[in-house]
Each structure stands twice: as structure tokens, then as C-alpha cells.
Amino acid sequence: MVGKFWQWASTLRLEEGAAAQQFERLTETAAGLLDEPAAAVLALSLASRSYSPTVEMFRQLERSEKAQLPAEQATKVMPGRPFAVVQGAQPVVVVDETQLAEAIAQAKSSVPAPVVVPLFEFDHRYGPNCDTCVTVVLYAHLGTTAFHRFHDVLSRMNGVNYVLRHSFDAESGNGVVGGLPTPMFLSGYGVEFALKSVEYKAIDDAATPKTTEAEEEVSVPTGVEDAPTVQPLDENDRFDEMTKTEIAALGHAAMTYVASSPDPLAALRYLSGGFPSFAVSLSKFRRNSTLVKQLFANQKFIAPEANTLLLNGRTLDPAEVDLFTLEDVLKEELLRLQQLRGIGLPLPVALHLLEEPLPPDQTHTLRFDLRSSSDAITYANNLETDMMYNRFYRSVNDIMRPTFGQFPYIAKNFFTTVVALNPSSSEGLDVARTLHFFLNQMVPMRVGIILATTGNRNGGGCTAGGDCAVSASPSVGVAVARVFHLFARTHGNGRLALFFLSQVAEFFEESHQGDVTLAHVEQAFLSLDNHHTSAQFADIIDSHEFDAILDAQNGFAAEKGLSDPPLIFLNGVVCRTDQLGFCVTQQIQRDTNFFQRAVSAHKIDDGTDLLAYILEHHEALPRYSNHVFGAGDARVVPLDGSVDGLSGEADSRAVEQLSQSVLSGVHYVSAPGAEFHVKSTTFLVCADLETARGKLFTLEALRSIKDLTDTRVGLLSHGRTFRTLSKMGYDDAVKHLSDPAAAAVAEAAAAADETELERRNAEFCARVAHIPAQASGVICNGRVIIDVAGDMTAYDFALLRRAEQHRLKSCAVQLESLPFPDRDPDSITSDFRSDIIMKVVSILNLDGPRDIHRAALSSHLKPTFTLRSRASDDQVAFHVTCLLNPLSHEAQRMSAMLKVLQDVLPVRVDVTLNPNPRLEALPLKKYYHYVTPSPITFDVDGKASSGPIATASQLPLKRLLTLGLDEPHAWVSMPVEAKYDLDNLKLGDIDGATVWARFSLEHILVEGNCFEAPVGVPPSGLELELKQYGTSDVATDTIVMNNLGYFQLKALPSLWTLAIRPGRSTRIFEIVSEEAGTSTVSRAVPVASFVGRKVSLSVRKRAGQEGANLLDESGDEADARNQGLWDKLSGMLASDKQNASVANEDKRVHIFSIASGHLYERFLKIMMLSVMKKTTSPVKFWFIKNFLSPGFKETISLLSKHYGFEYELVTYKWPSWLHKQTEKMRVIWGYKVLFLDVLFPIGLKKVIFMDSDQVARTDMKELMDLDLEGAAIGMTPFCQGNNMRQETKGFRFWESGYWAEHLQGKPYHISALFVVDLVRLRQNAAGDQFRMTYDTLARDPNSLSNLDQDLPNYLQHRVAIHSLPAEWLWCETWCSDTLKTRAKTIDLCNNPMTKTPKLDNAVRIIDEWRDLDTEVKSTEKMLLERKEQ
């Protein structure tokens, strides 16, 4: 397992033989070191070219490192030859292995301290890391004789950190056997041909010559190599003529067709890939009554059309998973299986344990019962009685209503949040401010407050001892609590009391002081009512009226273990303060599902105490323990003696040896009478038994198991006490630790010298478990808990044991009776089985910190069919369970991926088909082909195969199609070769009915989430930049969104440097390093995979900048307050400050537009020409690259030079967390408005959007310089009054009903032309508000019909729109003819009455359009002819 790379590298020899022979030798050498499942996964990875990005990353890194070498050293490097870089005071290049010793000796002697060399997670490091050793980085081509010469020397050297980086001839690219193919074709993506609406003609009539005849028959892409094994269906493209009855029958028919096929998977690919042509004949397919009954039975437990994918029980999203992500998961699962098999478990048992799901409702976390019948909790609201919730639904049954991603707005206390906080701490007050914001936003959540106060309660100027000469005002926390309870109890207004806490937080933040003071408390009190006075405030904080309540809340906090506030519990579930918004959203969603099940089962009604019901159902614990549950994602270490290979541990072999040595010699203590019982829980105690704290910690651990037969304590300690305890049983050990006098006598007889075992114990605790030497800690079944304060009690240990029970219940029963036929029966003792359980559970617990979830489909579900590979049942290493709607996009993709798994891996696949039994519309409107990997082969010249090509040889000839890629999320690909219009393909009109297109993978994404420490909120607007490692050139930049702190940067395989962009962002923030928590200038980000790179970035404000607001550059305190933490948390509020728009510093006019398809590209060129003819200032055009054809990108560069304009192509990948659009036109609409803040370089201040089918009739500099009066966006309202066209009045939907009520007199604007102040847009976090609102509304299929217009108009109450004068945009559909003469731009709006093609309208409406069109065509022709000469 660990160390296989070096075994392979040391064995591989590639000096002789043809390319094919060398490749065979390479793979055989690797396969000889791997078991069958691992060899199969390797074969899949090689076939899919998964390691190509890694190879390219090493190539780029080598180039970068060479460029950074001193000139005299760089000249030593010879192409194609290995070289080593010895790091001393100056790096020294060694090209002859015989010179290594001398160079290393010189490096050691020339440097008084070791040189810190930047090494990376992907580096291959030989042996344990040595902090005092010289680092040598070897760049060599693996398998060559030259590599082995260097390797033989370096692997035998002591005192050297030997690092290997793969190298090859970077100039020629000969890095793999036989050379790299150019280009290399990839797999792992889908090609789809979507049926396009022809309501409005969108085909360029000048683009495609028509053939004289079109074939009548229709053919479809099966994408199935073994199609003869499926029953062919009649093909018919008249699906739009199907009746409702025929459509309704499709679900049952599809299930019957697939299940009755001799090859169900091939049938599924065949059917789903060509469904539009099969719909008619499928509707006539006779359904199987047995299958219909099975489906009916299944859908008692699952929702119709639901899709689920489980791999060894691990949950994957079938809508998102791609081939490369699947390969990564397979490798992780292999590691887990190898760990389980390494402790002696048979493969079937290991697989079963791995896919065993956690018990229902305990998967995510435990719950804690914080209910109180006394004054211990002060509630700020009550959804069931407060008038503010009168507009909510009133019954628990309303929880069943669809919410489309929103909260369930029901006036019932379904969701109760209780927070314990210290009112004098800024962190606690921030939590209160956030909760008050949630209440203002009508989040349907009851909020309860526990104020844990400390400090002086006396007032009146006297101390507790009666010394009135000393001022003794109450502590800040007591003062806050007294005012809080005044509002909550005397005034009966808990909401006002909570608002008071939020105001204290506001005034504290404004002050930029380090601590909350009484002055902040007084300011908050005075701000709530103009009649409040300072004298009243003094009286209130000196009053002892509420001391009984303070005592009750302090006592309750102590009773419930709330020792480290702030602590937040939503329906008993702990929420981290730095992820409060996320936790609230996620937990409400989870508990909504829980309550829906309860309503369906008639378990609750309107009289049910909902909080009591959910807590009692989940067996909530009576007390919280910060030791056990307050550490967030606790570290987990495997206790099988292995190293968790997913952690990237550099010196893994040494750590593995240490772990095996320590764990094999642990002394265990059990309760009296439990010595021969199998123990399902093991506490491994790391403590310094020479200290009182260490002794007490160990004693509490022992006390916790006093009456337990299923738990033991293992001692990983050192010192005389350890030497004594290691010979004792339970009673003696407890007595020894409890009686210092007796212990001193016993320890005097112990050996004085520390043993080797003690040294190894201490090293294991520090190096593997990461428990500091001065602290105590416990490893419970692999989970590490550190007790820094030294106050962990037996109760905490008991809670820890209970928290681990969810794993033990399933594992222990199986393992207690599991036979081990290969072992001596006498050796299978209770201790042996206890060890097995400890090791297994520690391995399974490794899923937790990685957020890996496992589940199981209901046992009531019966698979529709099962697929098996050639492996026998006892050789199956992967079990795939798939719930699949056969008429879904997921079926189109997954049917191909399942076929790959079946063909390559030792796998069993259980598929349960889950169609909609009562369809109301056609479920699939696209043809689909998924490109699967093909093995690497070689031609006679030794050239490696280029890879697979997507072929769709049979498609409908008369239907209008749009070709698109269904690519992995991290890919940004573009068409680079295509003769025909891929947006508007009608194969019957194309000579030979053949279309060829080539796409290029241009970028792989770096994505991440950025949060500000310690508050955990996104630093909205923080500017980031990405540079290639070793260079100063910025490749790309972006800003951090408030939405999840998300950021996205485009990259390619290489090593990159992520940093905060110089300027205001770096003046305020600094990056926090992952390891030490110290500040760092940048982060190294390797991009070495087709799945991209995910980065979790932590930043913090620099000293002296604690109160600075990144989005407020004015320094105005009032504006800073409007844009404070409250706004950052919400992403929903914008500053009210109205500033003049930012001056256009570069004097250029920036025009942004989107076009897709040849017709709209033709319009786009005409629009550009009209702008150039009317605008006197320099012009720069911005286009979204994703949608442009190769032909346009070729001619735009020629037109740019000819007409003298600049242009830039930009792109942004639709984030995976944002609700997706499936129709291309709606995707384009989304790009117009959703990513304005992140689409352009940060330096761009202002931009004008113009629809491509628009013509300019004025100098656009006028709009560029227009003052937007503080708004971020300027748009033109639809023509009104005398400017309105009367014929289309009936289509003006915004003038009545919902829209009229929502707009409240504001105009509804058209999105064909708008101007954006990008600086103001980012300052207001308007992009975040657009995305947040879109994500909520778009889940309702009836919302945002006109996405690009509806969204900004809907939000204009929060994101102000500056209304442009009517003459800025004229279109015939909505505007009167009288306005046309004053029009500054004319747009070819679609007309819902006539639906006339745009080309016809263009010639008729725009007088100059024909001349502009002719000029563009003739100029293009001339420029292309010149280029070819």
C-alpha cells in the first residue's frame, strides 16, 4: 500500500524495445505490485488519460524551476538528461551522480542552518523528512538508466531529504513512451444534440447551402457498441403529435423495455440516447404488469424520478459525477479496502463493512436537549403567537407544500435555535446580531437566548467589601444582561432585547476597539429610544432585579455543559459559529424532510410540541460536552498501524513503522470482571503521568469504564507512573492514581530510566495523533480529542463513547463472531477481537473529517436488474447501487459510465429503475452520446493513440438541433473547428448530412471558498489573483463572492500561486497559512487533475484594520456601518449611499455582448460596425467566449485590426452550487446578469451591454459617461405613455397582476441595453444578491420566464436601477413609430404577435442595416483572402 511508488520506480526499466513494448513493461511492472482491483483501476486511469494533467504539471514546474536557477547553474542542464538541485546557500545543479556527495557536503558546510526549500504535496519524498538535512530535488525520466544511477546514490545517503520530480525533454514533449500525441483526444464527456424551438427563426440563411433532396427516414445515435443485443424500436420524429395518454405511458413502457432486454444496460443507453425518435413507438410498447406492481411498491419508499448513486455505500450525485471524479473515488475506496483487508478481513466482509451506512438520523450529528421550564432561556419570538407571522401558513400539514428551495413559511415552531453566549464577548454579540438579522428576514425559526455572565455584579460605586471609595461598576457582561432582561421581561419584548444585543455589536465594531465596554452598551441602550437617558442606564445596570434570572441562566449553562460560549443549537443540533448561515439553511432543510415524514405517517398534528417530538425521536443527549463536540472536525487516525494515504503524509513509511510498533505494545485496562469480554470501544490515553493533570486525565478515563464490559483504556504514556500502571489491573490503577501517598511508594521502586516504549508512545501521540506534549488527549476508535484545559471528566468520556456507538452497533456484532480460518483458534481471543473492532472502526471513522457520507437504499426496494463483471462474488471489490429514472439526463450519462465499470472493474451493479408512472410532458428533448475511454494503443511508428472520438452517426435529418458538450464541471472547453452552425444544425440541409466539429479543453478550474477568520464570514469583494509558480505575471483575477465565499479562477495543468491582489484588499487582509495559522503571502495551488482544484482559503484582517470595510472605499463611517458584518452575512442589503458613477479612467467605451449561432454572430458584427461608425472614442468589445463559433473568433481578430477596435474574450463557468438552466437560451440570459461582478477583470470599471441584434445610432461614449446617480445599473424602461405601441398592449404583463403589485409604481425595464458601474456593483454586493435571489426563484418553474429582465426588475427595490431616457432603446414591438426618429439604438425585439424572423425585420425596420451587412460581408471576404495569400 504505502511505498508502492518507490518499489515501482526502483524496478521499472525502459531502456530497450519499441514504444508498445515499453508501455507494456511499464504497466506490467505496476500491475505486479498491485492486487487485481487496484490494477483494474490503474488500467481505467491510463485509458482515460487521467494522469496527463499531472505529467503536464511536472513539465511546467521543471521549466519554472530551471528559469529560477542562477545563470551559471542553469547552463549545466542538458535537454533530456537528469539533473539534481542541491539546496544550500545557493542551489547547485549536479548532472553527474558521482558529484552528488561533494555537492551535498559543501551545502552542509556552507549553511549554518538548513535552507527551507518549498516542497509540495505531489512531490515524491524518499524516507522520513529531516528538518536539519540538505534537500536534493532530482529531475529525471523514470525507468531510464540515468535515473537509476542517481536514485541508487541518493536512496543510500543519510542526512538528505531526497525528492523526485518526473522529468522529460520539455522541448520535444517526449514525456511518455512513444511521445505525446498531438492533439490528444479525451473521454469522460457527453455530446448532446438538443431539439431546438423554431418559434422564432434563428438560422442564418446565408450560411448553409441546401441539398436538393432530404432523406425521409430518421436515425438515432445509440452510442452502444453492442446494439444488436437490444430490441430495435421503430424510429419516428413526430413526437410533438403524441397524445397525453401516449405520453403518460412512457415511464412504464421504458421500464418494461429495458428490464426485458437481454442486455438491460445496452438497452438503457440505446433508449435514453435516442429517446426523441423512439417516443412514439415506445408509447405503444406493451408494459409488464409485474414490473408495474414492483414500481408501485418501490415508490412507497422513494420519490418518482429520483436518481441516486452509491459506490460502496458512498453517496454520489449522479447529476454531477463525472468519469474522473469517479476514478478518484474508486482509488479512495481501494485504500479503505486495503486497510481493512490488511488486518485480516476477507474482501466480502471488508466490502460489507465499508458500505454499511450509519443508522438513520444520526448520520450528520447528535442532538442535545436544552429545554428548560424555568427562566433559563429567553425567547425572542414565537411563530405560533406573534402577529408578525400572521401571513404564514398555519397548519403542520403545510410542511408538505413544495418550497422550491425556500424556507417553509409556517407559523409553527418547527425550528428552534437556542444560543448560549457571553454578552461581553464580540463573538457572542456577532452571533446575536446574525440571529436578529435572520428574524428580520422572516426566517421561520424560533430563537432562544442563554446569557452566560461572569464578573462583578455590584454597582452604586461600592465594592463587594463595602469600600465606596473605589468605583465598582458591574462587569460589561452583567450590564448587558441586565438591560437585555429589562427589555425581555419587564417590557415583554424578547425581539427588542435581541435587537439591543445586535446594537451593542454594531457600536463595538464602529469603535475599532479591542474589547466591548460599558460605553458601547450605553450607546446601544440610548439608540433604541430617544427618551432613554444615561441616568436611566446607570440605574438599570446597578439594579439587582434580574439577578435571579442571571443565576438561573448561569446554572443552566453549567448543568448543560455550555462552558465555552457562544454555542448554537438548532433543534438540538450544534451549529458552528463560523458557518451559522450555512448550518441554518442546511439543518432546516434536513428537519423539514424529517417533519414531512412525520406528517405523512400521521405522527404529529397541530397540537404536537414539535421541539419535544424531534428531540425525543432522536434520543437527544441531556448534556453537551465541549471537549467531545466542540472541536469541529476532529482528527481521525487509523489504528491498524497504517498511514491514512489520503493525507499526503510525506514520511509515511516511517510513521507506519512507528504506529505498528506502538499499537502492538499497548497495555490495556478493563473494568473488573470484563477482562475476557470483547470491547467495542477503546480509549487510548496520551498523558504525561509525571504531572497532576496527566494523572487526573487518566483517572477520569478509568472511572468512565467502571461498570462497562465493552470498553477498555489503553495507556500511551511515559514516566514512572506509567511504568507502575503498566503492571496493574483496574482497581489497583484507580487506587494508585487516587492515592498520591501510596503512588509515591510504588513509583519509587519503578525503573528510573525512560524505556524505548515510552519514547515511542510520546512520539506517536505527538507525531500521529498531533496531541501537544503539554496537553492530554484520548484516541477513541481513531477519533482524537485533546484536553488542553485539563478539565475533562468521566462524563465527557462517557459522552465520547456514546457518540461513537453509531459505528459500533453494526461492526461489533459482525466482528465478534467473524471466523478467521487462517489463524490459530487459540489466538482468537477477546483481546484479538477487541483489537480488530478498534482497527476497523478507526478506518471507517476516517470518512467523517472528509465529509464522506454513506447510505443504503431502502431494503424494501427490489433492483430491476443486476450487472456483474467477470469477477466471482468473493472477488468483487466495488458494489454500485443505482436508482435511476430511465428517461432522464442522468440515465443518459450513467448508463455509459456503468458500462465502463462493468467492463473494467471487479464490480456488481444493482440498478433500480424509477420512472415517472404518469408523465405529462416529454421528459427528454435531446439525443446523447457519452464518450468512454479507450485503451492506449500504438501505431507502427510507435506513436501512441490519440484517444477516442465522439461519433453520432445517426440523427434526425429534419429537426433543428443544437450541439453541446456535457463536460466535467472543472472543464472550460470551446469549439475550435466547425464549418457549420452548431447552434442550428439541420442535417437534411447539409451536403452529405455530415458535420465535423472539434473542441479544445482550454482551462481547468481552480475553485474555492474563502472565509474571514475568526468570524467565519465571506470577505465579500476580496480580490484574488493567480500566477504561474515562479513568475510575476498575473494569469487571471477575480473577487470572492458573498455566496458561500465562492471564487473561481481559470488555470491549466501547472503549479500556481494564489494571492490577494495588491491594493485595498492587501492593505486590509492577509492569508492565513494552513499549517501554523500564521500569515503568508500566497498559497501554492497545483492543478494536476481533470477534476480541477478545490481550495479552502482562510484570511484575516491585518492588525489595525479590524474595523475596516473592504467594500467601502470612501471612509465614510455611516456608509461603513451600512456595509458592516450584518450586510456581509446577508448578501441581501446594499448601501443606501448614492455616489456619482466612477469616472472612466481609460477613456475607452467598453461594450459587452453575447452571441450564439451564426445568425446572431452576423447581427453582432453589424452591431459592432454601427458602434464604430458612430463612436469617436476608442472602443473595446467584450464577448463571452463559450458561445462563439470558431469562424467568428477567426474573423474578429481580422476585423479588429481593420476597424481599429480592441476586443477581449472572457468566460466564467456556471458554479455547481447555483441552480442550473438546461435550455441554452436561458443559459445565455443568465450570463447577461448573474456574473457581471466576476466576469470581467477587476480593473474594468464600467461596461455597456448591447444585444447582438442591435444597431447604434449615436456615440456610445454618451452612455458610458452617463451619471447613474449612485445606482449600479442603468436600463431603459419599456416604452410608456405616448411612446408605447398600442397593438401589443395586451402583452405588457408587468402592468397588471403580480408584477404591478410588486413594482409598486417602478417601471419594468428591458435588458437589451444596459450600462453597469462595476465598482458600485461590487461595493453593493449586487452580484451576490442577483445570484441568491435567482437561486431561490429559479427552482420554481413558473418564475423568471424572462430571466435576464425579470431578475433585475424584481430586485430593483434593493439593487436600484437608474432609468435611462426612452430614446436610448427603441424596438418596434413595444415602442411607437414617433419615438423611432429620436432613437439612439434600435433593437430587433421578438414580436409575440407576428413572430416574424429577425432577418426580415432587420431589413424592414433599420434603414442602414442592409448597407452595414454588405460592408461586413465584403470586408470579411477581403480580409480572409488576404490572410490566405
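Model, not experiment: these values are computed from the prediction.

Undergrad: Looking at this model, I keep getting lost on the packing of aromatic side chains. Mind explaining?
TA: In this description, an aromatic ring pair is defined by two values, namely the gap between the centres and the angle between the planes. Throughout the structure, instances matching the rule amount to 59 aromatic pairs. Between phenylalanine 23 and phenylalanine 938 the ring centres are 5.6 Å apart and the planes differ by 55°, which places this aromatic pair in the tilted class. Taken together, the residues span a long stretch of sequence, with phenylalanine 23 in helix α2 (residues 19–31) and phenylalanine 938 in the loop between β22 (926–931) and β23 (961–966) at a distance of 915 residues. Judged by centre distance (6.3 Å) and plane angle (75°), the rings of phenylalanine 415 and phenylalanine 595 are edge-to-face. Within this pair, whereas phenylalanine 415 is found in the loop between β9 (378–379) and β10 (416–421), its partner phenylalanine 595 is found in helix α21 (residues 580–600), the two being separated by 180 residues in sequence. The pair phenylalanine 415 / phenylalanine 595 is uniform in exposure class, with both members buried. Taken together, the ring pairs connect Phe1278, Phe1293, Trp1294, Tyr1298, Trp1299, Tyr1308 and Trp1374 into an aromatic cluster. One residue, arginine 401, lies across the ring of tyrosine 393, its end atom 3.9 Å from the ring centre. Directly above the aromatic system of tyrosine 668 lies the positively charged group of arginine 712, at a separation of 3.6 Å from the ring centroid.

Undergrad: For this particular structure, what's the right way to read the sheet that holds strand β4 (residues 134–140)?
TA: Hydrogen bonding along the main chain pairs the strands of a sheet, whether they run parallel or antiparallel. Overall, mixed pairing links the 5 strands, which are arranged β2-β1-β4-β5-β3 in an open sheet. One side of each edge strand has no neighbouring strand; the edge strands of this open sheet are β2 (92–94) and β3 (124–126). Here the average twist between neighbouring strands, direction ignored, is 25°. Bridge count for strand β1 (residues 83–86) against β4 is 4 bridges, and the pairing is antiparallel.

Undergrad: Looking at this structure, I do not really get the nonpolar core. What am I missing?
TA: A general tendency of soluble globular proteins is for nonpolar side chains to be buried together. Counting residues in hydrophobic clusters, the biggest one holds 128 residues, and the most contacted among them are Leu271, Leu282, Leu345 and Val840. With 8 residues, the top contributor of residues to this core is helix α13 (residues 323–342). Discounting residues that sit within four places of it in the chain, valine 840 has contacts with Leu340, Ile343, Leu345, Leu353, Cys811 and Leu815. Among the nonpolar cores identified, the runner-up in size contains 71 residues, and Val431, Leu486, Phe500 and Ala524 belong to it.

Undergrad: Which parts of the structure should I look at to understand the state of the cysteines?
TA: As used in these notes, a disulfide is a covalent bond between sulfur atoms, one from each of two cysteines. One pass over the structure, following the stated rule, counts 3 disulfides. In this model, cysteine 575 is linked to cysteine 583 through a disulfide, with the two sulfur atoms separated by 1.8 Å. Its torsion about the S-S bond being -60°, the disulfide of cysteine 575 and cysteine 583 is classed as left-handed. Side by side, cysteine 575 and cysteine 583 carry an identical accessibility label, which is buried. The side chain of cysteine 1279 participates in a disulfide bridge whose partner is cysteine 1375; the two sulfur atoms lie 1.9 Å from each other. Every disulfide takes its handedness from the sign of the S-S torsion; for cysteine 1279 and cysteine 1375 that torsion is 75°, giving right-handed. In this pair, cysteine 1279 sits in the loop between β39 (1273–1277) and α42 (1297–1303) while cysteine 1375 sits in the loop between β41 (1361–1363) and α46 (1377–1380), placing the two residues 96 residues apart along the sequence.

Calculation rules
- Residues numbered from 1 in each chain as written.
- Predicted model: local features only at pLDDT ≥ 70, side-chain atom pairs only at ≥ 80, totals over all residues.
- Heavy atoms only, no water.
- Phe/Tyr/Trp six-rings, centres within 6.5 Å; stacked < 30°, edge-to-face > 60°.
- Helix = DSSP H or I, 4+ residues; strand = E, 2+ residues; numbered from the N terminus.
- Buried < 20%, exposed > 50% of the residue type's maximum accessible area, 1.4 Å probe, protein only.
- Lys NZ or Arg CZ within 6 Å of the ring centre and 35° of its normal.
- Pairing = 2+ DSSP bridges.
- Axes fitted to C-alpha atoms, helices over the stretch in contact; angles between N-to-C directions.
- Core = buried A, V, L, I, M, F, W, Y, C linked by side-chain atoms within 4.5 Å.
- Contact = heavy atoms within 4.5 Å.
- Disulfide = S-S within 2.5 Å.

Purely geometric stuff here, so don't read any function into it on its own.
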